[in-house]
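One letter stands for each residue in the lines below.
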Amino acid sequence: MRVQFLEKPISHDHFLERSLLLLPGLIAEIKLRAQRRIGEISRELETAEAHGGKIWLPTGGKPKIEIIKSVGLTKSTVNRYEHIAEIEE
């Protein structure tokens with residue numbers, strides 16, 4: 001964000017009005033950053049593996065899907081966030 005010096009002072013109401021115009025963009029940016037970070041964390045989680053009819057759990061003892069559900073997210077939501085994390089900033 002660039003700082004701009006004005007020749008005349010602006011009123012408090014005008015300042016609030018201009019600030020409120022910027023707010024939706026800032027909220028969207030924060031939301032996108034959070035989604036990206038969730039996607040990055042999710043990609044780092046170990047997944048359960050099946051070998052010879054046995055299921056091997058990650059070192060934490062919980063399958064990835066259980067961790068995802070425990071924080072209140074769905075597999076499809078986390079999958080979408082993982083795709084967001086793949087996009088370059």
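It should be noted that the structure appears before, not after, this text.
Predicted, not measured: the structure shown is a model, and the values here were computed from it. (Residues numbered from 1 in each chain as written. Predicted model: local features only at pLDDT ≥ 70, side-chain atom pairs only at ≥ 80, totals over all residues. Heavy atoms only, no water.)

**Some remarks on the overall build of the protein chain**
Link 1 in the chain: Secondary structure assignment for the protein chain yields three helices and two strands.
Link 2 in the chain: Relative to the globule expectation of 12 Å for 89 residues, the C-alpha radius of gyration of the protein chain, 22 Å, shows a markedly less compact shape.
Link 3 in the chain: The dimensions of the protein chain, computed from C-alpha atoms along their principal axes, are 75 × 25 × 20 Å.
Link 4 in the chain: When burial is assessed residue by residue, the protein chain has 16% of its 89 residues classed as buried.
Link 5 in the chain: Expressed as a percentage of contacts within the protein chain between residues at least 6 apart in sequence, the contacts between residues at least 24 apart total 47%.
Link 6 in the chain: Split by element, the accessible area of the protein chain, about 7,900 Å² in all, is 59% carbon and sulfur.
Link 7 in the chain: Measuring between centres, the 14 positive side-chain charges of the protein chain sit 4 Å from its 13 negative side-chain charges. (Helix = DSSP H or I, 4+ residues; strand = E, 2+ residues; numbered from the N terminus. Rg over C-alpha atoms; globule rule 2.2 N^0.38 Å. Buried < 20%, exposed > 50% of the residue type's maximum accessible area, 1.4 Å probe, protein only. Contact = heavy atoms within 4.5 Å. Areas by Shrake-Rupley, 256 points an atom, 1.4 Å probe, with all protein chains shown as cover. Lys, Arg positive; Asp, Glu negative; His and termini not counted. Charge placed at Lys NZ, Arg CZ, Asp CG, Glu CD.)

**Concerning helix H3 (residues 75-86)**
Link 1 in the chain: If you check H3, its first and last C-alpha atoms are 17 Å apart, about what twelve residues at 1.5 Å a residue would give, namely 16 Å.
Link 2 in the chain: Listed in full, the buried residues belonging to H3 are Thr77, Val78, Tyr81, Glu82, Ile84 and Ala85. The buried side chains of H3 occupy one side of the element, clustering within an arc of 155° when seen end-on. For H3, exposure combined with an orientation more than 90 degrees from the buried face picks out Lys75, Ser76 and Glu86.
Link 3 in the chain: Check the buried side of H3 and you find it contacts helix H1 (12-44) and helix H2 (64-70). (Expected span 1.5 Å × (residues − 1). Arc of directions from axis to C-beta.)

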